[in-house]
Amino acid sequence: MGDNAFERLLGERVLAVADGAMGTVLFELGLEPGGCPELLNVERPDLVAKAHAGYVEAGSDIILTNTFGGNRARLGLHRAGERVAELNTAAVAVARKEAERGERTVVVAGSIGPTGELLEPVGPLSTAAAVEIFAEQAEALAAAGADVLWIETISSWEELDAATSAAAGLGLPVVATLSFDTNGHTMMGISPSDFGRWWGATDRPPQAVGANCGVGPADVVLATGAIATAAPGAVVVAKGNCGIPLYKEGDLSYPTGPEAMADYAELAVRAGARIVGACCGSSFDHIAAIRARVDAGVAAGPAPARHEIENRLGRVSFREKTAPRRTRRRH
C-alpha cells in the first residue's frame, strides 16, 4: 500500500496493536498534577522516551507522540502557545528514536487532540480559527517526520471538520477517533453510527476512524461495532480507556486492569476493529495483554451482542436509542 509506514502496516497485517495512555504513564514517572506533558518533550525527553519504549517492548505497532495538547490554544494555558513547532518537533524525534531501536517496524503517529475550546455556533471559536490552530500543529508533526496524523478525542462535527480539513493535503494518512462518553454519544451529540456514515459521505475520508477514551472498554466495543456497521470497508480503531477512575488513598485508580484486556481485544476485533489499543488508565501491561491476545489469534465470529460485552467486560453505560440529528455535512 505505498511507501508510507502506516499504509504498509495496514497492507501487511490484518490486525495492529496501538499503544496505551501517555498521560497516565508520565504521571507515574513524575509529571506533576496540572503539569504540561508536552513540555517534557524538551525538558525531560528521557521520561517520554521511557513511555514510548515501554509500549514498544509491550508489542505496540503504533505509538502516539506526546502531543495530545500540543496545539496553540492548549499550550497557551501553560504560557507555551508560541512553542507549537518546537514541542511537536521534539516529540516526533523522541518517538522516532524509540520506534527505530528494534528490528520490526513501529509507526509514529502524530497525536492531535481537541483545542479545548467550543466552536461556533455553540462557543466563541470560529471554524477558520480552529482550522488554523489544527493546521499549525499538523504541519509541525508532518514536517518532523510523523508517519500518520492521529486526530483523537473529538466531540463535535465542527471540530471534526476543522481538524480533518487542517490535516488534509499534507501528504500523510489521517486517523480520526471520537470519544463517545455521554450516553452513547460524544459530548456534543455525535453517535457512533452517524460517525460511520460521515466517513462514507465525506469527500476526504480518513484512512481510519474509530472510538477512543470514553467511559470504559465495554462502551468502546459497542461503539466500534456501530461504526463498523455504518462504515463497511473502513479501517476501524478501538482505543478504550480503563473505566471511570476512583479516588482512593490520595491516588486515582482505574477499575479495568490488564487481565481484562484479552477479552476486550477479542470483542473489539469481532466488533470490526483492525487497530486495537488503550487509553486513559492503561500502561504497558495492558498493551502486552492485547498483544498476546492478537498474536494468539481471534477466532472469526459474529459481532458481539450487548449481553456478551456486558458479561465479559462489565455494564455498558447507556441504552441504545435512535435520535434525530442534523443533516450530514460533506467536505
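Description of the structure in this document. (Residues numbered from 1 in each chain as written. Predicted model: local features only at pLDDT ≥ 70, side-chain atom pairs only at ≥ 80, totals over all residues. Heavy atoms only, no water.)

Turning to the overall build of the protein, a few remarks are in order. Along the backbone of the protein there are 13 helices and 10 strands. Over its C-alpha atoms the protein spans a radius of gyration of 18 Å, differing by no more than 12% from the 20 Å that the globule rule assigns to 331 residues. Taking the principal axes of its C-alpha atoms as reference, the protein extends roughly 50 × 50 × 45 Å. Partitioning the intrachain contacts of the protein with sequence separation of at least 6 by distance along the chain shows that 78% fall at a separation of at least 24. When the accessible surface of the protein is split by element, carbon and sulfur atoms take 52% of a total near 13800 Å². Here the protein holds 30 positive side-chain charges and 40 negative ones, and the gap between their average locations is 4 Å. (Helix = DSSP H or I, 4+ residues; strand = E, 2+ residues; numbered from the N terminus. Rg over C-alpha atoms; globule rule 2.2 N^0.38 Å. Contact = heavy atoms within 4.5 Å. Areas by Shrake-Rupley, 256 points an atom, 1.4 Å probe, with all protein chains shown as cover. Lys, Arg positive; Asp, Glu negative; His and termini not counted. Charge placed at Lys NZ, Arg CZ, Asp CG, Glu CD.)

Geometrically, the link from Glu120 to Pro121 is a cis peptide bond, its omega value of 10° lying close to zero. Notably, Arg79 is not glycine yet its phi reads approximately 55°, a positive angle. The exposed category is assigned to Arg79, whose relative accessible area is 84%. Positive phi values are uncommon outside glycine, yet Cys213 reaches one of about 60°. The buried category is assigned to Cys213, whose relative accessible area is 14%. (Buried < 20%, exposed > 50% of the residue type's maximum accessible area, 1.4 Å probe, protein only.)

On to the packing of helix H10 (residues 217-230) against helix H13 (residues 306-313), then. At a minimum axis separation of 9 Å, H10 and H13 run at an interaxial angle of 155°. In terms of axis orientation, H10 runs roughly antiparallel to H13. Between H10 and H13 lies a crossing of right-handed hand. For the pair formed by H10 and H13, the contact residues are Pro217, Ala218, Val221 and Leu222 on the first element and Arg306, Ile309 and Leu313 on the second. For the contact of H10 with H13, the class distribution of residues is 6 nonpolar, no polar and 1 charged. (Axes fitted to C-alpha atoms, helices over the stretch in contact; angles between N-to-C directions. Parallel < 35°, antiparallel > 145°, perpendicular 65-115°, else oblique. Left-handed = near helix turned anticlockwise from the far one by under 90°. Nonpolar A, V, L, I, M, F, W, Y, C, P; charged D, E, K, R; others polar.)

The next thing to look at is the packing of helix H6 (residues 84-99) against helix H7 (residues 127-144). Between H6 and H7, whose axes approach to 8 Å, the crossing angle comes to 40°. Taken together, the axes of H6 and H7 are oblique relative to one another. Judged by the twist between their axes, the crossing of H6 over H7 is right-handed. Contacts between H6 and H7 pair Val84, Ala85, Asn88, Thr89 and Val92 from the former with Glu136, Gln137, Ala140, Leu141 and Ala144 from the latter. Classifying every residue of the contact of H6 with H7 gives 6 nonpolar, 3 polar and 1 charged.

All quantities given are derived from atomic positions and should not be read as evidence of function.
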